[in-house]
Amino acid sequence: MSYVLVLNSGSSSVKFQLVNPESTATDVPLVSGLVEQVGEPMGAVTVKTGGEEYTEELEIPTHSFGLERAFAIMSEHNVGPTDVEVIAVGHRVVHGGRLFSEPQLITDEIEKMVEDLIPLAPLHNPANLDGIRVARELLPDIPHVGVFDTAFFNHMPPAAALYAINNEVASKYDIRRYGFHGTSHEFVSQQVPKLLDRDPGETHQITLHLGNGASAAAISNGTPIDTSMGLTPLAGLAMGTRSGDIDPGIIFHLSREAGMSIAEIDNLLNKQSGVKGLAGVNDFRILRERINDGDSDAWLAYNIYIHQLRRFIGSYMIALGRVDAITFTAGVGENDTEVRQDSLYNLDMYGIDFDKEANLVRSREPRMISTPESKVKVFVVPTNEELAIAQKSAEVAAAAKQAGLY
């Protein structure tokens, strides 16, 4: 059996999985794990395989050191990159800019192009790039593939992709709506036509990726025509710690009246806003407990979150003209029954006949939570970005092998 090693490298962590690209969305990967607290006095490497979990606590000075330890633990249990057939290493890269609309075989040139995109994603691309460099050094004989979060939205219509600002400024500084969570939106949207028994080329749908970060997308016949995130992942829906859409004038107001620096405003809007900024917590399970205990701040935060979500659903219904399906995915979307119900409350006039009983069913399988009679079908489809990255990476690796590059 062949596997793809999927890496998601952050500034102080590396998430990894060994995934069979032929598996289904609900299959458990051969290996999953996490290297965390890189550069801190004490870190940890965790490897899960065969129903067991192995953790080693130690100082992890670099990403390279952490991955080496992870590979060593995997090899102790005969599931390391040299113990099984690894056909590719798939790297999640957050920002592909206008350059990348498809997964890319990583070469020195591609690596440099990812580096050039750092100004568009200064919090994410440097960490992704570190992971690429470390993994290419540790596993030099295996094809490495970059899969970009923004790629799915690369060809949105100009009316949706461009902002109403000066053309020369926008062009010079690459300012446009790029969108994020593209791998998830694409993966989920490909499952929906199968559930509807419809041709993907004749399916209009809204996908809602609701996790700590959250985004919505309008997808017409397999092609996105709009999405909520923009130049950065800060835009759109209210999120766990991000504000989502705000009046841009707020930034100027905080600078003039509060004397806040750009860095302080950046931190406020990205890390101290959203549900956390309103209620003090960004875990929806704790938020629900506080609502049930009568916490007015928690209730207000929840209502703002739902209000923003309904605004995007409504606007995308108009943009699409006809909607065949609305699909919830990611941590909140897959697990929070109240968010799903409240976001679609009282929309029967738009052809949405929500099934409250079906909504309460817990399952890791894709499922319909609208009535069979509903004109607009509503689904919960678990996302699996790692599987999507594995599948794309396997395709690119196969093409590279056929071309004699590996």
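This one's a predicted model, so the numbers in the text were calculated from it and none came from an experiment. (Residues numbered from 1 in each chain as written. Predicted model: local features only at pLDDT ≥ 70, side-chain atom pairs only at ≥ 80, totals over all residues. Heavy atoms only, no water.)

S.K.: Sorry, what's going on with the pairing of strand 4 (residues 43-49) here?
M.R.: Along any regular strand, the residues point their side chains to alternate faces of the sheet. Of all seven residues in strand 4, six are buried, a share of seventy percent or more. Examined bridge by bridge, strand 3 (residues 31-36) and strand 4 share six bridges and lie antiparallel to one another. Opposite glutamate 36, over in strand 4, you have alanine 44 as the bridge partner. As consecutive antiparallel partners, strand 3 and strand 4 are separated by six residues, and within that stretch glutamine 37 has a phi angle of approximately 60°, a positive value. (Buried < 20%, exposed > 50% of the residue type's maximum accessible area, 1.4 Å probe, protein only. Helix = DSSP H or I, 4+ residues; strand = E, 2+ residues; numbered from the N terminus. Pairing = 2+ DSSP bridges.)

S.K.: What's the story with the nonpolar core in this structure? I'm lost.
M.R.: In globular proteins that are soluble, nonpolar side chains generally tend to be buried together. Counting residues in hydrophobic clusters, the biggest one holds 41 residues, and the most contacted among them are Leu210, Leu287 and Ile326. Taken together, the elements giving at least two residues each to this core come down to strand 9 (204-210), strand 10 (214-220), helix 9 (274-279), helix 10 (284-292), helix 11 (296-320), strand 12 (325-329) and strand 14 (377-380). Among the elements that take part in this core, helix 11 stands out by supplying 11 residues, more than any other. In contact with isoleucine 326, not counting residues within four places along its chain, are Ile206, Leu208, Ile313, Leu344, Ile352, Val376, Lys377, Val378 and Phe379. Core analysis: the second largest hydrophobic core is formed by 26 residues, Val31, Ala70, Ile73 and Val89 among them. (Core = buried A, V, L, I, M, F, W, Y, C linked by side-chain atoms within 4.5 Å. Contact = heavy atoms within 4.5 Å.)

S.K.: Sorry, what's going on with the sheet that holds strand 10 here?
M.R.: What holds strands together in a sheet is hydrogen bonding between their backbones, with the strands either parallel or antiparallel. With respect to topology, six strands assemble into an open sheet ordered 11-10-9-12-14-13, the strand pairing being mixed. The outermost strands of the open sheet, each flanked by one partner alone, are strand 11 (223-227) and strand 13 (367-368). Inspection of the sheet shows strand 12 paired to strand 14 by four bridges, in the parallel sense. In the strand pairing of strand 14, threonine 327 is matched with phenylalanine 379.

S.K.: Even after reading the chapter, I still don't get the sheet that holds strand 2 (residues 13-19), so can you show me in this structure?
M.R.: As summarised here, the arrangement of the eight strands in space is 5-4-3-2-1-6-8-7, forming an open sheet in which the pairing is mixed. Strands with a single pairing partner mark the edges of an open sheet, and in this sheet they are strand 5 (52-58) and strand 7 (104-105). Where strand 7 and strand 8 (residues 144-148) come together, two bridges link them in antiparallel fashion. Looking at the pairing, leucine 105 lines up with valine 145 of strand 8.

S.K.: Honestly, the packing of helix 7 (residues 249-257) against helix 8 (residues 262-271) in this entry has me stumped. Any pointers?
M.R.: Relative to each other, helix 7 and helix 8 sit at 135°, their axes nearing to 10 Å. Accordingly, the angle class assigned to the pair helix 7 and helix 8 is oblique. For the pair helix 7 and helix 8, the sense of crossing is right-handed. The residues of helix 8 that touch helix 7, namely those facing Ile251, Leu254 and Ser255, are Ile265, Leu268 and Leu269. Among the residues making up the contact of helix 7 with helix 8, the classes are represented as five nonpolar, one polar and no charged. (Axes fitted to C-alpha atoms, helices over the stretch in contact; angles between N-to-C directions. Parallel < 35°, antiparallel > 145°, perpendicular 65-115°, else oblique. Left-handed = near helix turned anticlockwise from the far one by under 90°. Nonpolar A, V, L, I, M, F, W, Y, C, P; charged D, E, K, R; others polar.)

S.K.: It is not clear to me how the domain arrangement of the protein chain should be interpreted in this structure. Could you clarify?
M.R.: Buried accessible area, meaning the area lost when the parts come together, often serves as the stated size of an interface. Along its sequence, the protein chain is carved into domain 1 (3-172) and domain 2 (198-329 + 331-382). Inter-centroid distance (C-alpha atoms) of domain 1 to domain 2 is 26 Å. Taken together, the contact between domain 1 and domain 2 spans 10 residues of the former and 12 residues of the latter. Of the roughly 1,100 Å² buried between domain 1 and domain 2, counting both surfaces, carbon and sulfur atoms make up 63%. Where domain 1 touches domain 2, the interface holds zero salt bridges. Our enumeration of links across domain 1 and domain 2 arrives at four residue pairs in polar contact (both at pLDDT 80 or more). When its residues are assigned to classes, the side of domain 1 that touches domain 2 shows seven nonpolar, three polar and no charged. (Domains from an automatic or database assignment. Buried area = accessible area lost by both parts, 1.4 Å probe. Salt bridge = Lys/Arg side-chain N within 4 Å of Asp/Glu carboxyl O. Polar contact = N/O pair within 3.5 Å; in protein donor to acceptor, adjacent residues only side chain to side chain.)

S.K.: Explain the UniProt feature "binding site: Mg(2+)" (unreviewed entry) in the protein chain to me, please; I cannot follow it from the model alone.
M.R.: Sequence positions flagged by UniProt for "binding site: Mg(2+)" (unreviewed entry) are, in local numbering, Asn8 and Glu385. Taken together, the annotated residues stretch across 378 residues yet fold into one region, lying no more than 10.4 Å apart by C-alpha. Secondary-structure assignment places asparagine 8 in strand 1 (residues 2-9). Given the relative accessible area of 21%, asparagine 8 is considered partly exposed. With residues up to four places along the chain from it excluded, the contact list for asparagine 8 reads Ser13, Val14, Lys15 and Arg92. Note on placement: glutamate 385 falls in helix 15 (residues 385-402). Residues contacting glutamate 385, with those up to four places away along its chain left out, are Thr183, Ser184 and His209. (UniProt positions renumbered as here; feature names shortened; annotations may be inferred.)

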